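What the coordinates show
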Amino acid sequence: MLYTQFIDGALTASSNRESWINYNPANNNPLGEVSQANDQDIEAAVNSSEKAFHIWKAKTGAERGRVLLKAAHILRSRLDKIALLETQDVGKPISESLAVDVSSAADALEYFGGMAAGVHGEFFDLKNAFGYTRPEPLGVCAGIGAWNYPIQIAAWKAAPALACGNSMIFKPSELTPATALELAEAFMEAGAPAGLFNVVQGDGRVGSMLVDHPRIAKISLTGSVSTGKKILTGAATQMKRVTLELGGKSPLIIFEDADIDNAVSAALLANFYTQGEVCSNGTRVFVHRQIFDSFLMKLKGRTEKIRLGDPTDPDTQMGALISKVHMEKVIRFIDSGKSSGATLLTGGFRPEEDFKGRDITSGNFLTPAIFTDCDDSMEICKEEIFGPVLTILSFDSEEEVIERANNSAYGLAAGVFTNDIKRGHRVIHQLQAGTCWINNYNVTPIELPFGGYKQSGLGRENSLAAIQYYTQLKSVYVELGNVDSPY
Ligand code: NAD
């Protein structure tokens, strides 16, 4: 199979001879070939997106909203097909792609489709005059995606961009080229003008071409901090707007009065969902010393029961890491943890069989790992691992844990477990993180803004807050009297 681009309303093969093979993480069998977009492809995508932008921005918000709502309906009606494509591309369990990935993409289209008619400015009554503001679209926007949530990332960017009247060129990660094409098809079938949502394939070089292109007004990236910095630097030369959704090393704090079973459930969700490849994961689990041993015992027991194996099996709870290269990187972190003196309590090895006894040696599988006897200064407690590796740390006081939790260059997310309502809010208000939970973790409803503090990013996705990142505000002053001039 050939993963093409989607330009001007149709699947389009690139004239570029450079291509690569996309592999299934569960067995490293080839899924298909992907061509790297070249200059001509980018030019064609920009021309077609500009044309679509002029048609699209002339429509009313209600007209735009109807297209988004219809696209959401199309995605939901193809849930099984798209979920399977996502599972084969990413290696995540089909139970997750069915329950979360596709529906989260559709949620974004429904939310922003529903609010497209409500994007409005303000009116100001002035002395013998009045003023008003108009939130106007930016033009052609580019979305650049990571590989862990491909269709969700594409939709979280496209939905607010299109609702506000922009067009979008989207570049999925080179490791997951499939499902952005499904979203492009859905928009076309829903009645979007050709070119409203184009897809180009390629690696960071294609991302750079989008950043540098003078007719692209905005870049929205989901990716690593190092890529975010490069994009911010590149965008600065043309003063382009950016939204950056980057990595993290988030704290999850469990106080002694917490409901332990719920806290264990959250720690598992915060570390092992999608094989631990989630940006907001709470990988530094701080547990109050009073409950440390009982918490750890329960955590270990439930971690060892996680059903790891064939991602297409509906009973599987943990799949395969995205690539061999990434798996080796995660193994290096595990080795670093061991050599720095932490104790690997469980997991962290390549299993030979899955939970049903099937041979999985050809896939990128790693058993979920828990490190104890950790120190905040260890590499495994400081760096984003982006794999199934949980580090557990004990603490004694509220003040101490807040300081330690904030001692990070990242600030994407944070969680607190306590039954003391005052303490829950008091602690969360002092944590330097953009996306926070009290008594839960990694729940991301479309109604709430999502994004990071510090080096975890700039701007927000989802919620009404996303509108300001896909519009520019024009102020208009209207004189009702004479011009008061000293000349
Ligand atoms: P990555 O930074 O390697 O790549 C992300 C995207 O950027 C890819 O499409 C890649 O091709 C592109 N890219 C790479 N170099 C570029 C350049 N110089 N210019 C333009 N584009 C370039 O990240 P990844 O490995 O795909 O994803 C994992 C990272 O993403 C983790 O750090 C994770 O925390 C982060 N992430 C963040 C969020 C969030 O919402 N905050 C969500 C998912 C993943």
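In the block above lies the structure referred to throughout.
The subject of this paragraph is the site of the ligand. Taken together, 28 residues lie around the ligand, and Gly-145, Glu-174, Ser-224, Thr-227 and Glu-384 are the ones closest in. In the model, an oxygen atom of the ligand is placed 2.9 Å from a nitrogen or oxygen of the Trp-147 side chain. Take Glu-384: an N or O atom from its side chain is 2.5 Å from an oxygen atom of the ligand. Compared with its free state, where it exposes 850 Å², the ligand has 87% of that area covered by protein.

One non-glycine residue, Phe-386, lies in positive phi territory at about 60°. Within the secondary structure, Phe-386 is located in the loop between helix H12 (379–382) and strand E17 (389–395). Within the chain, Asn-462 stands out as a residue other than glycine whose phi angle is a positive 65°. As for its position among the elements, Asn-462 is in the loop between strand E20 (457–458) and strand E21 (471–479).

Bringing the sheet that holds strand E7 (residues 129–137) into the picture now. Across the sheet, three strands lie side by side as E6-E7-E21; this open sheet has antiparallel pairing. Edge positions in the sheet fall to strand E6 (123–126) and E21, since each has one partner strand and no second. Averaged over all adjacent pairs, the angle separating strand axes in this sheet is 20°, with direction ignored. Pairing of E6 with E7, which is carried by four bridges, proceeds in the antiparallel orientation. Paired with Leu-126 across the strands is Ala-129, a residue of E7.

Evaluated as defined, the whole model comprises 27 salt bridges. Salt bridges sharing common partners tie together Asp-313, Asp-315, Asp-354, Lys-356 and Arg-358.

Now for the packing of helix H9 (residues 260–272) against helix H10 (residues 292–304). Between H9 and H10, the shortest axis-to-axis distance is 10 Å and the interhelical angle comes to 50°. In terms of axis orientation, H9 runs oblique to H10. Here H9 runs over H10; the crossing is right-handed. Between H9, through Ile-260, Asp-261, Ala-263, Val-264, Ser-265, Ala-267, Leu-268 and Phe-272, and H10, the contact on the second element is made entirely by Ser-294, Phe-295, Lys-298, Leu-299, Arg-302 and Thr-303. Counted by class, the contact of H9 with H10 contains eight nonpolar, three polar and three charged residues.

The subject of this paragraph is the nonpolar core. When a protein is soluble and globular, its nonpolar side chains tend to lie buried together. Counting residues in hydrophobic clusters, the biggest one holds 54 residues, and the most contacted among them are Leu-68, Leu-75, Leu-109, Phe-112, Leu-183, Phe-187 and Phe-197. Put simply, the parts of the chain that give this core at least two residues each are helix H1 (39–57), helix H2 (61–77), helix H3 (79–90), helix H4 (94–115), helix H5 (150–163), strand E9 (167–171), helix H6 (179–189) and strand E10 (197–199). If one sorts the elements of this core by residue count, H5 sits on top with ten residues. Not counting residues within four places of it along the chain, the set of residues in contact with Leu-183 comprises Leu-75, Leu-109, Ala-154, Ala-155, Ala-158 and Phe-197. Counting residues in each nonpolar core, the second largest holds 33 residues, with Leu-252, Val-287, Met-318 and Ile-360 among its members.

One open sheet accounts for seven strands, arranged E15-E16-E17-E14-E13-E18-E19; its pairing is mixed. The open sheet has two edge strands, strand E15 (343–346) and strand E19 (435–438), and neither has a second partner. The sheet shows a mean angle of 20° between the axes of neighbouring strands, direction not considered. Here H10 sits on the sheet in contact with strand E13 (251–254), strand E14 (284–288), E15, strand E16 (369–372) and E17, set at roughly 170° to E17. The sheet strands contacting helix H11 (residues 324–339) are E15, E16 and E17, and the helix crosses E16 at an angle near 25°.

The rules behind each value
Once a new chain begins, its residue numbering starts again from 1 and follows that chain's sequence as written. For this predicted model, a pLDDT threshold of at least 70 governs which residues receive local features, and a threshold of 80 or more governs which side-chain atom pairs are given and counted, while totals over whole chains, interfaces and linings are taken from all residues. The side-chain values count all of the structure's non-hydrogen atoms but skip hydrogen atoms and water molecules. A single heavy atom is enough: if one lies within 4 Å of a molecule or strand, its residue is considered near that molecule or strand. Distance and chemistry together define a polar contact, namely a pair of N or O atoms within 3.5 Å, with one atom able to donate a hydrogen and the other to accept it when in protein, and with adjacent residues in sequence counting only for side-chain atoms on both sides. Note that accessible areas follow from Shrake-Rupley with a 1.4 Å probe, and for residues the cover is restricted to the protein chains shown. Counting from the N terminus, the helices are DSSP H or I runs at least four residues long and the strands are E runs at least two residues long. The criterion for strand pairing is that DSSP finds at least two bridges linking the strands in question. Axis angles are defined between N-to-C directions and span 0 to 180 degrees, where every axis is a line fitted to C-alpha atoms and, for a helix, only to the segment in contact. Each salt bridge in this description consists of a side-chain nitrogen of Lys or Arg and a carboxyl oxygen of Asp or Glu lying within 4 Å of one another. To sort the angles, those under 35 degrees are grouped as roughly parallel, those over 145 as roughly antiparallel, those from 65 to 115 as roughly perpendicular, and the leftovers as oblique. Here is the rule for handedness: rotate from the far helix to the near one, and if that takes an anticlockwise turn smaller than a right angle the crossing is left-handed, while a clockwise turn gives right-handed. For this analysis, residues touch if any pair of their heavy atoms sits within 4.5 Å. Throughout this entry, Asp, Glu, Lys and Arg are counted as charged residues, while Ala, Val, Leu, Ile, Met, Phe, Trp, Tyr, Cys and Pro are counted as nonpolar. The remaining residues, Gly among them, count as polar. Grouping buried Ala, Val, Leu, Ile, Met, Phe, Trp, Tyr and Cys residues that are joined through side-chain atoms within 4.5 Å yields what is termed a nonpolar core. Partly exposed residues are those whose accessible area sits between 20% and 50% of the maximum for their type, while under 20% is buried and over 50% is exposed, using a 1.4 Å probe and protein chains only.

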